[in-house]
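# Structural features, examined
In case you want the letters, here they are:
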Amino acid sequence: MSGPELGVCYYPEHWDRAQWSEDARAMVDLGLSWVRIGEFSWALVESRRGQFDWEWLDTAVETLGAAGLRIMLCTPTAAPPRWLIADHPEVLPVGVDGRVRDFGSRRHYCLSSDVYLGHAKRIARHFAERYGQNPYVRAWQIDNEIGDHDTAISYSQAALFGFQVWLRRRYLEIDALNVAWGTVFWGQRYEDFSDIGLPIGTVAEPNPAHAFDFRCYSSERIALFLGTQAEIVRAHSPGRPVLHNFMAGSYDFDHHRSMGEVDETGFDSYPLGNLVHGSLPEHEKSRWLRTGSPDYQGFHCDLYRRDGYGSGGRLWILEQQPGPVNWARHNPSPADGAVRLWTWIAYAHGADAVLFFRWRQAPFGPEQFHTGLHRSDGTPDQAFGEISRIVDERQGIPATERSPAPVAMILDYPSRWAQAILPQGQGYCGEEITAAWYRAIRNLGIEVDVVGPSVDISSYELILVPDMLVDNVEFVDRMCRHDAHLVLGPRCGSLTPGMRTPEGGAPGSFRKLVNLTVERVESLPDGHEEYVELEGETFRAGGWREHVTTGDRVIGRFTGGFRPGSPAIVENDRVIYLTTLAGLSCLEKVLAKAAKRAGIASYPISEGLRVTYRGQLGFAFNFSNENVDIPERPGQRFLIGGCRLGPIDMAVWTQT
Amino acid sequence: MSGPELGVCYYPEHWDRAQWSEDARAMVDLGLSWVRIGEFSWALVESRRGQFDWEWLDTAVETLGAAGLRIMLCTPTAAPPRWLIADHPEVLPVGVDGRVRDFGSRRHYCLSSDVYLGHAKRIARHFAERYGQNPYVRAWQIDNEIGDHDTAISYSQAALFGFQVWLRRRYLEIDALNVAWGTVFWGQRYEDFSDIGLPIGTVAEPNPAHAFDFRCYSSERIALFLGTQAEIVRAHSPGRPVLHNFMAGSYDFDHHRSMGEVDETGFDSYPLGNLVHGSLPEHEKSRWLRTGSPDYQGFHCDLYRRDGYGSGGRLWILEQQPGPVNWARHNPSPADGAVRLWTWIAYAHGADAVLFFRWRQAPFGPEQFHTGLHRSDGTPDQAFGEISRIVDERQGIPATERSPAPVAMILDYPSRWAQAILPQGQGYCGEEITAAWYRAIRNLGIEVDVVGPSVDISSYELILVPDMLVDNVEFVDRMCRHDAHLVLGPRCGSLTPGMRTPEGGAPGSFRKLVNLTVERVESLPDGHEEYVELEGETFRAGGWREHVTTGDRVIGRFTGGFRPGSPAIVENDRVIYLTTLAGLSCLEKVLAKAAKRAGIASYPISEGLRVTYRGQLGFAFNFSNENVDIPERPGQRFLIGGCRLGPIDMAVWTQT
Amino acid sequence: MSGPELGVCYYPEHWDRAQWSEDARAMVDLGLSWVRIGEFSWALVESRRGQFDWEWLDTAVETLGAAGLRIMLCTPTAAPPRWLIADHPEVLPVGVDGRVRDFGSRRHYCLSSDVYLGHAKRIARHFAERYGQNPYVRAWQIDNEIGDHDTAISYSQAALFGFQVWLRRRYLEIDALNVAWGTVFWGQRYEDFSDIGLPIGTVAEPNPAHAFDFRCYSSERIALFLGTQAEIVRAHSPGRPVLHNFMAGSYDFDHHRSMGEVDETGFDSYPLGNLVHGSLPEHEKSRWLRTGSPDYQGFHCDLYRRDGYGSGGRLWILEQQPGPVNWARHNPSPADGAVRLWTWIAYAHGADAVLFFRWRQAPFGPEQFHTGLHRSDGTPDQAFGEISRIVDERQGIPATERSPAPVAMILDYPSRWAQAILPQGQGYCGEEITAAWYRAIRNLGIEVDVVGPSVDISSYELILVPDMLVDNVEFVDRMCRHDAHLVLGPRCGSLTPGMRTPEGGAPGSFRKLVNLTVERVESLPDGHEEYVELEGETFRAGGWREHVTTGDRVIGRFTGGFRPGSPAIVENDRVIYLTTLAGLSCLEKVLAKAAKRAGIASYPISEGLRVTYRGQLGFAFNFSNENVDIPERPGQRFLIGGCRLGPIDMAVWTQT
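Here we summarise the structure given alongside this text.

## Considering the pairing of strand E22 (residues 609–614) of chain C
Residues and elements named next belong to chain C. Across the six residues that make up E22, a large majority, five, are buried. Pairing of E22 with strand E23 (residues 617–622), which is carried by six bridges, proceeds in the antiparallel orientation. Considered in E23, the bridge of leucine 609 is made with asparagine 622. Adjacent in sequence and paired antiparallel, E22 and E23 are bridged by two residues, among which glycine 615 carries a positive phi angle near 60°.

Printed below as a string of structure tokens:
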């Protein structure tokens with residue numbers, strides 16, 4: 001049998017010891033094989049500086065392991081103890097308003113603090129030394145939800161000094177910095193690196209290179225924080241995967257670079273909570289109220305799956321929503337069957353293990369209305385039965401691995417920071433643009449890997465670049481040596497990594513691929529529509545419009561009142577360039593065209609249906625409230641379900 | 001004659017002495033019997049520390065009293081003098097953003113400051129000693145609008161230290177606190193009470209028990225502040241009522257507990273200003289633009305009237321809006337006749353005295369566009385004639401006292417804090433829920449007392465519990481010994497007073513009354529409607545939905561797309577439980593059903609008409625712009641008006 | 001030839017020296033005669049305290065001048081160098097939240113700082129001494145965009161001490177202040193001037209006189225800052241105009257008083273950016289998306305043109321938008337032809353010179369997406385061709401000067417502050433009211449000067465006073481001695497300059513002109529409409545309504561549900577008074593009536609067409625997307641265009 005390994009997040013410290021072995025047995029009985037523990041345990045383990053109480057954790061590990069569970073142990077750095085803050089108040093993070101963010105919840109530490117880094121290494125070493133060889137501890141998580149609650153960036157004194165050192169290393173001479181940043185603008189010339197402040201609290205917008213460098217520095221601090229701990233753990237616990245726990249919808253630091261040398265990655269999947277707080281329009285939020293967006297799980301798996309960038313590692317869901325959560329503006333129940341769909345679609349998209357958050361609802365604390373697999377009184381909750389069903393269903397599923405997709409979509413974190421620093425128009429939002437492109441390619445039934453620009457793209461036939469503001473010469477040069485087809489969105493290559501206009505203007509070095517120059521950009525308000533004609537059809541576009549000159553073929557033209565006939569979509573034999581934020585139907589047409597040119601077959605499907613493959617296994621998921629029929633294919637043998645999918649239902653088949 | 005005693009708020013310090021006696025005579029001529037003075041007089045009386053100038057106040061008291069007015073004197077603690085702040089800047093309050101709130105307006109003191117409490121006692125003693133036996137001083141007000149401008153809670157050092165002491169007293173041992181708060185969650189374990197901070201500025205949500213205890217502490221400080229002053233005043237001024245001045249729509253502290261041992265209570269009534277800033281939907285705000293909500297005055301009288309909780313005390317309106325105010329986003333004129341309606345409806349609901357704010361419009365200061373009974377040039381303004389009319393009308397009104405209502409509605413302040421701390425869904429708002437239940441019961445023509453849970457409920461036949469989140473074992477036990485009928489809203493009993501999930505989950509100890517367990521709650525966005533079928537009718541519901549199991553009768557079921565048929569309304573022979581936020585028509589049906597079972601007759605009326613009784617006197621008030629006919633009753637004798645009520649008009653009758 | 005002189009903003013420090021002479025030649029070739037430089041050059045000129053590097057600026061001046069350009073040199077005080085901030089961190093401004101606003105962008109100085117004023121004078125003197133007699137330097141600009149980024153008011157220690165000194169000078173005795181401010185209200189009595197704080201951070205609203213005096217003080221500091229520099233420059237550079245650079249839509253300080261003794265004034269014109277961030281309703285913003293409001297340029301020229309107030313000076317546009325900007329929420333392209341229209345309409349309204357911002361788009365810094373006349377690679381951008389066309393067109397244009405208009409509209413800055421301090425209703429917004437009155441009078445084809453109340457109004461036949469809250473006895477007395485007609489809006493004269501109610505109430509001393517007393521004001525929400533009948537027509541009104549008594553003729557009456565028949569519009573032989581915020585069509589009717597009585601002819605035109613005159617030259621501008629015909633007039637000879645105007649087109653004629 002195969003299918004997803006299943007597991008659960010567990011907090012032995014929240015419950016009487018008497019319950020631990022019962023819980024462990026019940027986990028095994030349900031069919032779970034993994035249990036994640038310890039991420040907030042520091043204050044329990046080291047109740048005073050250097051005074052350790054390992055006994056309870058030893059017992060918990062022993063109890064869970066002896067019951068047959070594999071343990072994922074977390075380094076507990078997501079919640080430093082009160083005594084540490086009392087000794088070192090300087091490790092507290094500082095918000096964008098300049099105020100210290102205080103003890104009393106979690107993540108109360110500045111990632112730029114070397115003092116905290118030292119303590120984090122110390123406690124990680126203690127954990128790793130004690131449990132690194134423990135036979136039950138079979139995987140590690142470093143910290144927890146790094147960057148959540150806007151903690152990726154802190155404006156502390158430690159950050160200031162660290163940033164100054166970082167700048168000194170990068171620019172060596174202050175005048176090199178002055179030139180690079182263009183401090184001649186608004187007369188901001190610095191005499192010394194120690195003069196440079198943090199880019200907050202300024203009267204008007206700070207220098208964009210100043211702001212961007214600080215984002216880069218902060219991102220590197222996260223990579224350092226995670227990587228240092230991972231290295232310590234790996235040294236003491238060979239053979240166990242060491243994972244970081246990323247958040248869906250988090251772009252404040254460069255996840256690609258933060259993955260370091262770890263074997264596998266994981267993220268936390270909250271399809272409903274993230275829907276509520278996400279950027280979809282209200283009618284879409286209403287439509288997917290109890291299922292989440294059909295692309296939520298797929299997109300994040302395609303992003304965090306390391307296959308995507310060729311390391312051979314695998315993917316975990318470290319926390320999977322099992323019912324209503326507590327932290328969104330409103331917290332609906334999942335539709336019956338949604339937890340099953342989320343689990344299987346994660347598996348289909350490459351997740352090998354899915355850990356539900358959490359075993360039992362907490363009867364205290366801020367998350368007490370966050371459901372678990374059981375209510376706080378121990379009775380099973382909504383998802384329990386669905387997990388049993390998955391355990392049954394996976395019996396007949398053969399082991400497979402996902403193949404690389406024919407299409408890669410580039411997600412470039414620094415471009416998101418550049419967009420925040422130089423927005424130029426509220427209607428341009430990289431997260432929304434990427435989501436629209438992803439939905440369009442999925443509506444065409446085409447598989448896609450969401451990857452960083454430094455990944456080996458040699459196997460891809462089509463590469464999508466929806467919002468890569470920051471020009472990347474190295475990436476473009478690889479594209480030039482490669483023969484994949486490309487689709488580029490507006491703003492691509494419009495800023496150097498030093499936050500300057502590239503020589504010759506946008507799209508910067510992408511001009512090696514497309515014979516086009518952006519002469520001027522304009523951003524437009526919501527409600528103002530531009531129109532584009534493409535092969536006889538007229539589409540709505542909006543939010544962003546570029547005025548370009550091109551020596552390549554103009555295949556789409558603007559048709560509205562302003563400069564009708566000017567180029568909107570340009571192509572040559574390899575590349576299609578969009579000068580505007582095309583709507584979904586226009587995107588589908590353009591991407592279908594590009595796929596066809598790249599020799600990739602499309603299978604258009606409705607938005608409520610998602611189809612994907614893991615090796616020889618085909619998967620179809622119906623997120624809608626209507627029945628959907630999937631076409632029969634020769635050689636198709638159903639392992640779960642059949643050609644007709646009921647609402648919130650799914651099918652799995654082998655294809656021979 | 002009876003009817004309301006009338007009075008006015010007056011600021012002799014704002015006017016030339018020459019005017020005082022003229023004003024006093026004019027007050028008497030108008031038919032006023034009370035004049036309230038002194039709440040901002042501290043800096044005038046004690047211009048430097050220990051240096052008193054009583055002469056002006058003596059003269060004012062003498063002048064007003066000699067003219068035939070009864071004086072309500074206020075302790076002047078709502079505005080400490082500048083010298084006190086200069087000497088003790090530490091008494092300034094601190095806002096939720098951690099910033100000191102400065103001198104320059106009013107209420108610039110932290111209620112947790114013992115330094116300020118000392119000064120408040122000192123000045124209250126001076127006032128009480130000097131005027132306690134003065135024959136003209138016939139009532140007292142303590143402070144003014146306590147808690148207004150978000151001053152009920154302050155985050156000062158004084159509050160921090162006071163809170164730590166309070167916690168030490170409450171929990172004795174730090175580990176008792178750790179257990180009670182569940183600090184094991186997110187590893188927040190404290191070593192000592194001195195480690196505990198204020199629950200603001202944390203990275204994520206603070207521990208809910210931490211936040212809730214701080215609300216309790218802050219509320220107790222208000223009770224202490226008011227009670228201490230009241231005790232001093234009462235000791236020196238026996239036989240005079242001592243009132244606190246509460247605000248409509250204020251839930252930041254526990255008003256029930258803050259009423260202490262005082263005989264009577266009062267509140268400030270601003271039907272239009274509070275409408276603008278209140279939570280009614282826009283079309284309702286537009287409908288009642290110039291009258292305020294028809295339930296505004298009734299609800300707040302029913303709440304602040306001490307009859308309601310059996311102390312035998314009475315109710316005052318300490319400030320009554322007489323025209324446009326200055327402080328709302330927009331400040332319309334009352335409809336002609338509205339001031340008359342507000343005054344009479346207050347009397348009908350138990351108010352014995354109504355004091356208008358203010359005698360003459362100020363020609364300076366932040367409230368100079370706030371109307372009074374006269375414009376600043378001394379000419380009568382809008383309300384003047386309406387007051388004359390009331391004075392005439394009350395001639396024929398016999399003295400009566402209001403009888404206890406057959407229905408009690410519970411308003412539990414700590415539950416409001418719990419809701420703010422653990423909201424779980426934006427659509428659940430205790431204030432709005434209570435307002436909807438109140439409107440529904442009033443639309444049924446049924447009288448209701450709005451009371452705290454500790455009141456003696458033995459005389460009530462029906463008890464409504466719309467939003468009592470915080471489980472209250474003592475209250476439930478009294479219910480169990482009583483035989484009144486109950487209607488419970490969703491979320492009731494879902495948290496212990498320690499902000500934990502009750503044993504066995506919601507509705508906690510209410511399960512002694514209804515055989516039902518809440519398995520899961522979900523909160524839903526605006527615009528998403530759930531539907532409930534009850535006795536063949538389908539109603540809209542929304543915002544909140546509970547999934548329950550019950551051994552009692554299911555009389556209403558959900559009928560939408562998600563889990564249709566599941567229980568929405570459950571009853572047994574004594575209790576009806578609503579699992580969702582029912583709309584007004586559904587509430588009316590449920591409450592009518594409950595009233596019928598309790599043997600209480602309903603007289604359905606339209607929303608613009610309000611009917612109530614004070615002893616043998618019947619009152620009808622038409623807030624609408626159309627004529628309304630009230631049914632003739634045998635033995636009905638009209639003292640004011642008749643069966644047909646014109647727009648913004650009223651009738652009073654005796655029933656024999 | 002005449003027509004506008006043209007120029008450009010240039011930053012030699014941003015470019016290689018090699019480029020300077022090329023650029024200069026290209027400017028001359030294009031037909032530009034002015035180049036503005038230096039406003040952010042301080043850190044480049046004085047790189048360390050007292051260490052000057054003039055060489056580059058000498059060379060730039062020489063290069064540009066030698067090419068035939070006239071140079072406008074700016075004092076560089078808009079961006080103090082980093083070393084100055086390091087030496088004197090106390091010069092940083094403080095925001096309304098009490099936080100220091102830091103170095104890192106521009107305008108990082110407190111205008112109340114005497115330390116900074118000293119440095120500003122020092123650097124201004126250095127600039128003036130070195131370049132005052134330079135033959136190429138032909139005009140000066142002082143500082144840049146004074147008050148932008150909310151820097152007109154700073155809450156620093158320097159401001160506090162400066163304000164205390166200012167108060168001491170103004171009131172001499174603290175008790176005079178106590179009386180004037182009415183500190184008896186809320187017991188705010190001060191013992192000493194040193195007790196007085198800044199009017200921020202108070203618990204409730206501060207005393208309005210306190211807040212208003214601080215606005216007056218802050219405004220005087222700006223006048224001092226500008227005036228002191230201007231005096232220094234003028235002393236060293238006789239015969240050159242010295243300009244201040246004002247912002248459109250800026251009301252935080254009194255521009256009239258800040259103009260001092262300078263000969264000419266200038267402002268920055270961003271018709272699209274200011275549209276996006278302005279207060280027009282969304283459908284209007286959409287309508288004028290690519291042209292800006294047709295009244296934008298005219299209004300600001302009519303305001304900043306010193307003709308208006310009789311000094312004989314002239315008007316410059318110091319920065320003219322040439323394409324999309326970077327700083328608005330969205331940044332559309334101007335319609336083709338819009339830059340031409342903006343330039344000519346500015347000239348028509350009295351601007352003698354129009355300087356485009358900027359010569360070449362910056363390839364770095366926060367404004368790199370702000371277009372210039374060239375892209376950063378040096379190729380001409382959108383506006384380039386339109387400027388060439390203007391250069392051609394102006395060949396045939398004779399020199400003329402604008403005549404005084406027959407109508408004056410009063411814009412009183414202190415009244416705007418009074419409105420912010422005592423708003424009384426969100427629907428009353430002086431900026432919007434003035435814009436509506438301006439649009440109405442322009443729709444009637446009537447010329448208007450927008451002037452301060454201290455201007456000589458003897459030549460005007462009609463004076464419009466839309467929103468003059470602050471009573472001005474001197475102004476009213478001049479009106480009384482004059483025989484012009486007047487139209488007064490609601491709230492006029494409702495507060496004294498000491499923020500008190502005038503004797504006898506509103507409209508204060510205006511009662512010398514109109515026999516009317518405002519008894520009560522009310523403010524109304526959006527969506528709530530009042531109706532006014534005027535001469536058989538019914539108009540919508542709203543937002544504000546006054547209840548008045550009058551001995552003059554009532555020509556308009558309210559007709560809605562509340563007090564129908566009460567006076568809405570009152571007139572006597574000289575004055576019309578509006579008690580409500582009349583809509584555009586009502587305003588047009590009232591103003592046409594007033595104009596007729598004053599003997600001024602109306603020529604009603606559509607909103608997309610604007611017509612104005614400069615001497616014998618007539619100008620018509622079509623901002624709409626349709627063709628518009630202007631009526632032929634006898635003696636009309638077209639110099640540009642003809643009777644039919646295409647979209648975004650214009651005509652110029654002489655009238656004989």
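## Section: the interface of chain B and chain C
Listed by partner, the interface residues are 51 residues for chain B and 46 residues for chain C. In total, chain B and chain C occlude about 4,300 Å² of area from one another, counting both sides; carbon and sulfur atoms represent 55% of this. The tally of links between chain B and chain C comes to six salt bridges. Run the count over chain B and chain C and you get 22 residue pairs in polar contact (both at pLDDT 80 or more). Secondary-structure elements contributing two or more residues to the side of chain B that touches chain C are helix H2 (42–45) and strand E3 (46–48) of chain B. The residue inventory of the side of chain B that touches chain C, partitioned by class, reads 19 nonpolar, 16 polar and 16 charged.

## Things to note about the sheet that holds strand E5 (residues 70–74) of chain C
Residues and elements named next belong to chain C. The sheet built from eight strands closes into a barrel, its strands ordered E1-E2-E5-E6-E7-E8-E9-E10 with parallel pairing. For this sheet, the mean inter-axis angle between neighbouring strands, taken without regard to orientation, is 30°. Looking at chain direction, strand E9 (residues 315–320) and strand E10 (residues 351–356) are connected through four bridges and run parallel. The residue bridging tryptophan 316 from the neighbouring strand is alanine 353, located in E10. Its contacts with the sheet place helix H5 (residues 114–131) against E5 and strand E6 (137–142), and it is angled at close to 175° to E6.

## What about the relation of the copies chain A and chain B?
Mapping chain A onto chain B is achieved by rotating through 120° and translating by 0.0 Å along the same axis, at an RMSD of 0.0 Å. Interpreted geometrically, this transformation is the action of a three-fold axis.

## A look at the nonpolar core
With 610 residues, the main nonpolar core has Ile463(A), Ile463(B) and Ile463(C) as its most contacted residues. When residues of this core are assigned to their parent elements, the largest contribution, twelve residues, is made by helix H8 (residues 208–236) of chain B. Once residues within four sequence positions are removed from consideration, Ile463(C) is found in contact with Ala408(C), Ile410(C), Ile457(C), Phe475(C), Met479(C), His482(C), Ala484(C), His485(C), Leu486(C) and Val487(C). Formed by nine residues, the second largest nonpolar core is a distinct cluster that contains Leu609(B), Val611(B), Ala620(B) and Trp653(B).

## Thoughts on the packing of helix H6 (residues 157–171) of chain C against helix H8 (residues 208–236) of chain C
All names here are of chain C. The interhelical angle for the contact between H6 and H8, taken along N-to-C directions, is 105°, at an axis separation of 10 Å. Compared by their axis directions, H6 and H8 come out roughly perpendicular. Between H6, through Ala158, Ala159, Gly162, Phe163, Trp166, Leu167, Arg170 and Tyr171, and H8, the contact on the second element is made entirely by His210, Asp213, Phe214, Cys216, Tyr217 and Glu220. A class-by-class count of the residues in the contact of H6 with H8 yields nine nonpolar, two polar and three charged.

## Concerning unusual backbone geometry
Cis geometry marks the peptide bond from Ala506(B) to Pro507(B); its omega dihedral reads 0°. Looking at where Pro507(B) falls in the secondary structure, it is placed in the loop between strand E14 (485–488) and strand E15 (516–523). Despite not being glycine, Arg491(B) shows a phi value in the positive range, around 75°. Mapped onto the fold, Arg491(B) is located in the loop between E14 and E15. Judged by relative accessible area, which is 1%, Arg491(B) ranks as buried. Backbone geometry at His149(C) places phi at a positive 60°, although glycine is not the residue there. Here His149(C) lies in the loop between E6 and H6.

## Brief notes about the packing of aromatic side chains
Inspection of the entire model under this criterion finds 107 aromatic pairs over all chains. Here the aromatic rings of Trp42(C) and Tyr116(C) are separated by 6.1 Å at their centres, their planes lie at 40°, and the arrangement is tilted. Taken together, the residues Trp42(C) in helix H2 (residues 42–45) and Tyr116(C) in helix H5 connect sequence positions 74 residues apart. Relative accessible area serves as the criterion here: at 0%, Trp42(C) is assigned to the buried category. Where Trp166(C) meets Tyr217(C), the ring centres are 6.2 Å apart and the plane angle is 70°; that geometry is what we call edge-to-face. Of this pair, Trp166(C) sits in helix H6 while Tyr217(C) sits in helix H8, and the two are 51 residues apart along the sequence. Judged by relative accessible area, which is 10%, Trp166(C) ranks as buried. Owing to a relative accessible area of 3%, Tyr217(C) belongs among the buried residues under this scheme. The side chain of Arg545(A) reaches across the aromatic face of Phe558(A), ending 3.9 Å from its centre.

About the thresholds
Residues numbered from 1 in each chain as written. Chains lettered and ligands numbered in written order. Predicted model: local features only at pLDDT ≥ 70, side-chain atom pairs only at ≥ 80, totals over all residues. Heavy atoms only, no water. Buried < 20%, exposed > 50% of the residue type's maximum accessible area, 1.4 Å probe, protein only. Helix = DSSP H or I, 4+ residues; strand = E, 2+ residues; numbered from the N terminus. Pairing = 2+ DSSP bridges. Contact = heavy atoms within 4.5 Å. Buried area = accessible area lost by both parts, 1.4 Å probe. Salt bridge = Lys/Arg side-chain N within 4 Å of Asp/Glu carboxyl O. Polar contact = N/O pair within 3.5 Å; in protein donor to acceptor, adjacent residues only side chain to side chain. Nonpolar A, V, L, I, M, F, W, Y, C, P; charged D, E, K, R; others polar. Axes fitted to C-alpha atoms, helices over the stretch in contact; angles between N-to-C directions. Least-squares fit on C-alpha atoms with pLDDT ≥ 70 in both. Core = buried A, V, L, I, M, F, W, Y, C linked by side-chain atoms within 4.5 Å. Parallel < 35°, antiparallel > 145°, perpendicular 65-115°, else oblique. Phe/Tyr/Trp six-rings, centres within 6.5 Å; stacked < 30°, edge-to-face > 60°. Lys NZ or Arg CZ within 6 Å of the ring centre and 35° of its normal.

These values are about where atoms sit, not about what they do.
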